[in-house]
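Listed below are the residues making up each chain.
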Amino acid sequence: MAKHAMRSVGGTAWASLACTRSQLRLDLNLGCGQNFRWKETGDGHWTGVMGGRVWTLTQTDDRLWYHVYNNKDGHKEEDNRKRKACGSAQQLNKSEKRRKVNMKEEENDEPVTVTVKKEGEEEMLVDYFQLNVNLEELYREWGLADPHFKHISNIFTGIRMLRQNPTECLFSFICTSNNHISRIQGMVDNLCRSLGMPLCELDGTTYYDFPSLSALADDKVEALLRDLGFGYRARFLQQSAKHILEKHGPDWLQGLRSTPYLQARDALRSLPGVGLKVADCACLMSLDKADAVPVDTHVWQIAKRDYKCAAGSAQKTLTDKVYRDIGDFFRQLWGPYAGWAQSVLFCADLKKFQKLKEMPSVKLEDDKKASPPIKKAKLKMKNKKLNKIEKPRSVCHKKAKLAPQDK
DNA sequence: GGTCAACCTGG
DNA sequence: CAGGTTGAC
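Predicted model only: the values in this text are computed from it and were never measured.

Engineer: Explain the protein's contact with DNA strand B here, please?
Structural biologist: Taken together, the neighbourhood of DNA strand B is formed by 13 residues, with Asn178, Arg183, Arg226, Tyr232 and Arg233 sitting nearest. Counted by atom, the contact set of DNA strand B within 4 Å of the protein is 63% sugar and phosphate. In the environment of DNA strand B, a phosphate oxygen lies 2.6 Å from a nitrogen or oxygen atom belonging to the side chain of Arg226. Within the side chain of Arg233, an N or O atom sits 3.1 Å from a base oxygen of DNA strand B. Considering only residue class, the surface near DNA strand B consists of one nonpolar, seven polar and five charged.

And the structure:
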């Protein structure tokens with residue numbers, strides 16, 4: 001039977017691309033509630049579904065390693081048709097910069113784990129993690145404008161924005177209302193298991209693709225999901241899918257990627273179960289709106305506690321006006337990638353990551369105002385010159401092995 | 001425009 | 001109560 005790939009075990013084909021931990025931290029990115037489907041299946045190994053395929057990812061100090069599993073036979077055609085419909089393979093060729101790939105071909109003909117087709121896989125990863133965006137440079141800019149960010153960011157490096165499939169993103173976040181991460185994960189899991197296509201089986205666990213819009217739109221879906229414990233969200237999910245297909249068409253969500261932010265957000269808000277917060281999540285995490293700032297109760301607290309943001313300090317609840325004011329406040333502070341910056345602070349606020357703050361780690365520059373200015377200037381210049389070259393920086397990244405508690 | 005309660009379920 | 005949305009004042 002097929003097993004989850006482990007880099008230390010061998011017998012599996014792995015490929016890798018250059019990527020430092022300051023550009024990407026898998027543990028933080030895949031466990032902070034941007035996406036609810038990645039699981040740590042081995043020490044530092046994360047397995048999940050992306051682009052209709054099952055992947056295991058892991059990283060070393062300066063490389064991101066990946067293994068892609070073959071889907072079961074008999075599902076491939078359906079799978080391809082579906083991916084085409086979602087258009088998730090588009091816009092991949094933005095990556096001008098070719099990265100060096102280590103391919104270890106494997107001749108072993110074991111049915112499921114052998115990687116046959118490697119074309120496009122690196123591009124899919126670059127697209128999913130948006131690796132063409134230089135995160136270190138963004139961190140530097142945010143830190144310059146915002147001392148509090150600078151403080152937090154010394155520990156929480158490598159938090160970037162995933163570029164998710166819009167359908168998965170929107171419908172996952174419809175599940176988040178009045179809910180917590182641990183339960184959301186279970187719900188999204190159930191959603192895929194009951195309505196998604198099976199992709200492959202590893203160590204007895206079957207991985208499923210996220211359901212298509214047409215699967216979600218079926219009239220029987222509400223009752224089905226209610227039985228699975230989705231509560232009032234069952235109707236939102238089914239009705240939103242139906243609404244999209246009937247009033248717009250299967251490619252509508254994807255098309256919102258080229259619609260201006262506020263216009264796209266308003267469009268999403270016409271769907272049942274989609275308010276400002278859910279619409280902003282979909283905008284930020286799947287529709288290329290880097291300035292969308294989802295404001296939940298946590299971010300509201302952060303705004304008041306850490307930024308003395310006056311907006312809504314008098315209000316009892318998060319009204320639409322307060323919501324917009326807080327978003328504007330952060331956009332003014334952080335600029336066009338405000339949504340990305342917000343996710344760093346959000347992540348740092350999660351209970352499961354609090355341990356990271358207590359560790360001695362490398363919070364050097366923050367408390368070292370006395371550090372020689374010349375050295376700093378030099379470093380800055382160096383970074384500017386080398387542009388996308390990352391400065392290697394060892395970061396203590398001991399995993400927070402805590403119960404699936406959120407906040 | 002702001003406030004409030006209801007909505008499902010389980011940690 | 002929990003990473004919200006809705007409908008009614």
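Engineer: Where do I start with helix H4 (residues 135-145) in this structure?
Structural biologist: Three- or four-residue spacings in an α-helix give side chains the same orientation, since the helix completes a turn every 3.6 residues. Residues of H4 that are buried include every one of Leu135, Glu136, Leu138, Tyr139, Trp142 and Gly143, and no others. Looking down the long axis of H4, one finds its buried residues gathered within 160° of arc, a one-sided arrangement. Of the surrounding secondary structure, the elements contacted by the buried residues of H4 are helix H5 (147-153), helix H15 (320-334) and helix H16 (338-349).

Engineer: Even after reading the chapter, I still don't get the environment of Pro198, so can you show me in this structure?
Structural biologist: Along the chain, the position of Pro198 falls in strand S6 (residues 198-202). We classify Pro198 as partly exposed; its relative accessible area is 21%. Linking Pro198 and Asp209, residues eleven residues apart in sequence, is a C-alpha distance of 6.3 Å.

Engineer: Where do I start with the protein's contact with DNA strand C in this structure?
Structural biologist: Close to DNA strand C lie 22 residues, the nearest being Cys32, Asn178, Ile181, Gly275 and Val278. Near-protein atoms of DNA strand C (within 4 Å) split between backbone and bases, with sugar and phosphate holding 55%. Interatomic distance of 2.9 Å between a backbone N/O atom of Gly275 and a phosphate oxygen of DNA strand C. Val278 places a main-chain nitrogen or oxygen 2.9 Å from a phosphate oxygen of DNA strand C. Counting only elements with at least two residues in the surface near DNA strand C, the list comes to helix H13 (276-286) and helix H14 (297-307). Here the residues of the surface near DNA strand C sort into ten nonpolar, nine polar and three charged.

Engineer: Teacher, can you tell me more about the packing of H14 against H16 here?
Structural biologist: If you want to describe how two helices pack, look at the angle between their axes and the distance between the axes. As a packed pair, H14 and H16 sit with axes 11 Å apart at the nearest point and diverge in direction by 95°. In terms of orientation, H14 lies roughly perpendicular with respect to H16. For the pair H14 and H16, the contacting residues are His298, Val299, Ile302, Arg305 and Tyr307 in the first and Gln342, Leu345, Phe346 and Asp349 in the second.

Engineer: I keep staring at the nonpolar core and nothing clicks. Help me out?
Structural biologist: Across soluble globular proteins, nonpolar side chains have a tendency to be buried as a group. Among the nonpolar cores identified, the biggest contains 85 residues, and Phe149, Phe156, Leu170, Phe171, Leu268, Trp334 and Trp340 are the most heavily contacted of them. Excluding residues that lie within four positions of it along the chain, Phe149 makes contacts with Tyr139, Trp142, Gly143, Tyr307, Trp334, Ala341, Val344 and Leu345.

Engineer: Would you mind going over the sheet that holds strand S2 (residues 39-42) with me for this structure?
Structural biologist: Hydrogen bonding along the main chain pairs the strands of a sheet, whether they run parallel or antiparallel. Read across the sheet, five strands follow the order S1-S5-S4-S3-S2 without closing on themselves; strand pairing throughout is antiparallel. Each having just a single partner strand, strand S1 (15-18) and S2 make up the two edges of the open sheet. Each neighbouring strand pair of the sheet contributes to a mean axis angle of 35°, computed without reference to strand direction. Two strands pair when backbone bridges link them, and S2 and strand S3 (residues 45-50) are joined in this way by three bridges, in the antiparallel orientation. Residue pairing for S3: Gly42 is matched across the bridge by His45.

How each quantity is defined
In every chain, residue numbers begin from 1 and rise along the written sequence. The order in which chains are written sets their letters, starting at A; the order in which ligands are written sets their numbers, starting at 1. Local features in this predicted model are restricted to residues whose pLDDT is 70 or higher, and side-chain atom pairs enter the listing and the counts only when it is 80 or higher, whereas totals over whole chains, interfaces and linings include all residues. Only hydrogens and water are set aside when side-chain values are computed; all heavy atoms of the structure are taken into account. Residue proximity to a molecule or strand is established when one non-hydrogen atom of the residue lies within 4 Å of it. Polar contact is the term for a pair of N or O atoms within 3.5 Å; when the atoms are in protein, one must be able to donate a hydrogen and the other to accept it, and sequence-neighboring residues count only if both atoms are side-chain atoms. Residue polarity follows a fixed list, in which Ala, Val, Leu, Ile, Met, Phe, Trp, Tyr, Cys and Pro are nonpolar, Asp, Glu, Lys and Arg are charged, and the others, Gly among them, are polar. Whether a residue is buried, partly exposed or exposed follows from its accessible area with a 1.4 Å probe, protein chains only, as a fraction of its type maximum: under 20%, in between, or over 50%, in that order. Helix numbering and strand numbering both begin at the N terminus, where a helix is a DSSP run of H or I of at least 4 residues and a strand a DSSP run of E of at least 2. The directions considered for the arc are those from the helix axis to the C-beta atoms. Residues are treated as being in contact if the distance between any of their heavy atoms lies within 4.5 Å. In this description, a line fitted to the C-alpha atoms serves as the axis of each element, helices being fitted only across the stretch in contact, and the angle between N-to-C directions of two axes falls anywhere from 0 to 180 degrees. Should an angle lie under 35 degrees it is considered roughly parallel, over 145 roughly antiparallel, and from 65 to 115 roughly perpendicular; all remaining angles are considered oblique. To qualify as a nonpolar core, a set must consist of buried Ala, Val, Leu, Ile, Met, Phe, Trp, Tyr and Cys residues joined through side-chain atoms within 4.5 Å. Paired strands are those between which DSSP finds at least two bridges.

In short, the description is geometric, and any link to function would need to be established separately.
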